[in-house]
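Read off the chains here:
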Amino acid sequence: MRAILATPALVDTELPEPVPGPHDLLVRIEAVAVNPIDTKLRAAVGPGAAPKQLGWDGAGVVSAVGERVRRFRVGDPVMFAGDAGRAGCSAEAVLVDERLVGRKPTRLSWAEAASVPLTGLTAWESLFERLGLDPDDGGGGSAKGASLLILGGAGGVGSIAIQLARRAGVVVIASASRPESTAWVQELGAHHVVDHHRPLAPQLAALGFEAVDRIANFSDTDAYWEVMAELIAPLGSIVAIVGNRHPLDLNLLKAKSVTFAWEFMFSRSQFQTADMGRQGEILDHLAALFEAGELRPTLGRTLSPINATNLELAHAQLASGSTIGKIALSGWG
């Protein structure tokens, strides 16, 4: 089968087709999306290191199943982010534990579907498992009138989080800095937009917010740590997805009794948690929302076919820091 390996250069190659384990699906890949984890793990492949098959956002068709698989059959269209400890989906066929897989939304293209899992799971877990929002509140319950500041609103995670937060009934304030990214987050449903290249406190005050109830930092934890401590309301909650480069002063949150949580989408698969199957359930729920038209795709750019040259272009775009939405590769040519 055709595959792309990081050596650390990206190279097209041929590999044997993998054989499913008891809980595995063998999925024929139709599209793959890129995420920061791809470039981070690629950077870790130094000279002389074993090549790495990247890609933890894919959509395709089940072509074989393990003996204990119950949720899917051969021929089912699916989407998944999978397990960062296993080979990624930059190949014609890949193995993934069925518990981490969801069905492909019927209304979405392969590229659109491949752009859902990693960011969709990260956004869902951030909002509903870390910040305690209710995905089906609709603003009629505890979230009524609550405010949420999303740092990095135009990125892949922010793009889906804005939509999910709107459904949960909170007032969404998204950060963006360019006209095109501002327009994007407004189209996705942000109530207000602030420019993260300028001081945030005066902008929020001008909008009527002396503090915000919750903050979802999908950008840079270090850069905004002191700002978040200033802006968060007493008894508020903060979630972050980007690891810190320097020690964080948690004492800044103590007086307000603020809750801080990390979100790492691969925790469940890395540690084989008892509720690992929850990710498959979340993906199925997201699929239903896309099919009902309650969520819109966050795909910003598609490259074709899937090969090392186009994957290099996607990585370069991602590294530029100016990506709006998700980038996907589709078809093998």
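Only a predicted model underlies this, so the values are computations on that prediction, with no experimental measurement involved.

Trainee: Break down the packing of aromatic side chains for me, citing the residues and quoting the values.
Mentor: Considering all chains together, one arrives at four aromatic pairs under this definition. Among the aromatic residues, ring-to-ring pairing joins Trp225, Phe260 and Trp262 into one connected group. Seen from the ring of tryptophan 110, lysine 104 lies directly overhead, with NZ or CZ sitting 5.1 Å from the centre. Sitting over the ring of tryptophan 184, arginine 296 keeps its end group 5.2 Å from the ring centre.

Trainee: For unusual backbone geometry, give the residues involved together with the corresponding values.
Mentor: The omega torsion of the bond from threonine 7 to proline 8 falls at 15°, within 30 degrees of zero and hence cis. Note on placement: proline 8 falls in the loop between strand S1 (2-6) and strand S2 (10-14). Following serine 304, the chain continues into proline 305 via a peptide bond in cis, with omega recorded as 0°. Within the secondary structure layout, proline 305 lies in the loop between strand S14 (299-303) and helix H10 (308-319).

Trainee: How would you explain the nonpolar core if you had to name every residue and give the values?
Mentor: Leu127 and Leu164 are the most contacted members of the largest nonpolar core, which totals 82 residues. At seven residues, strand S3 (residues 24-34) tops the list of elements feeding residues into this core. Beyond its immediate stretch of four places on either side in the chain, leucine 164 contacts Ala123, Trp124, Leu127, Phe128, Leu286, Leu289 and Leu295. Ranked by size, the runner-up nonpolar core spans 18 residues in total, among them Leu204, Val212, Met228 and Ala229.

Trainee: Just give me the short version of helix H9 (residues 278-291), but keep the residues and values in it.
Mentor: Look at H9: 20 Å from first C-alpha to last across 14 residues, which is about the 20 Å you get at 1.5 Å a residue. Within H9, the full set of buried residues consists of Gln279, Gly280, Ile282, Leu283, Leu286, Ala287, Leu289 and Phe290. Summarising the contacts, the buried residues of H9 are in contact with strand S5 (77-80), strand S7 (101-103), helix H3 (117-130), helix H4 (156-167) and helix H8 (267-270). Directly after H9, the chain includes glycine 293, whose backbone phi takes a positive value near 75°.

Trainee: Lay out the packing of helix H1 (residues 36-43) against H10 in plain terms, naming residues and giving numbers.
Mentor: Two numbers describe how H1 lies on H10: the axes approach to 10 Å, and their chain directions differ by 105°. Judged by the angle between their axes, H1 and H10 are roughly perpendicular. The segment H1 lies against H10, with Pro36, Asp38, Thr39 and Arg42 engaging Glu312, His315 and Leu318. Considering only residue class, the contact of H1 with H10 consists of two nonpolar, two polar and three charged.

Trainee: Can you explain the environment of glutamate 226? Please cite residues and give values.
Mentor: Tracing the backbone shows glutamate 226 in helix H7 (residues 221-231). Distance from glutamate 226 to arginine 296, taken between C-alpha atoms, is 33 Å for residues 70 residues apart in sequence.

Trainee: Explain the environment of arginine 42 to me, and be specific about the residues and the numbers.
Mentor: Position of arginine 42 among the secondary structure elements: in helix H1. Residue classification places arginine 42 among the buried residues on the basis of a relative accessible area of 16%.

About the cut-offs
- Residue positions are counted from 1 within each chain, in the order its sequence is given.
- Since the coordinates come from a predicted model, pLDDT governs what is reported: local features require at least 70, and pairs of side-chain atoms require 80 or more to be given and counted, while whole-chain, interface and lining totals use all residues.
- To obtain the side-chain values, all non-hydrogen atoms of the structure were included, while hydrogens and water were left out.
- Whether two aromatic rings pair depends on their centres lying within 6.5 Å, for rings of Phe, Tyr and Trp, where Trp uses its six-membered ring; planes under 30 degrees apart make the pair stacked, over 60 edge-to-face, and the rest tilted.
- Distance and angle both matter: a charge sits over a ring if NZ of Lys or CZ of Arg is within 6 Å of the ring centre and within 35 degrees of the ring normal.
- Strands here mean DSSP runs of E at least two residues long; helices mean DSSP runs of H or I at least four residues long; both are numbered from the N terminus.
- As used in this record, nonpolar core signifies buried Ala, Val, Leu, Ile, Met, Phe, Trp, Tyr and Cys residues forming a set joined through side-chain atoms within 4.5 Å.
- Note on classification: 1.4 Å probe, protein chains only; a residue is buried when its accessible area is under 20% of the maximum for its type, exposed when over 50%, partly exposed between these limits.
- What makes two residues a contact is simply this: any of their non-hydrogen atoms within 4.5 Å.
- Given a helix with a known number of residues, its expected span is that number minus one, times 1.5 Å.
- Note on geometry: axes are C-alpha line fits, over the in-contact stretch for helices, and angles between N-to-C directions span 0 to 180 degrees.
- Geometric relationships in this document are graded by angle, where less than 35 degrees denotes roughly parallel, more than 145 denotes roughly antiparallel, 65 to 115 denotes roughly perpendicular, and other angles denote oblique.
- All amino acids are sorted into three groups, where Ala, Val, Leu, Ile, Met, Phe, Trp, Tyr, Cys and Pro are nonpolar, Asp, Glu, Lys and Arg are charged, and the leftover types, Gly among them, are polar.

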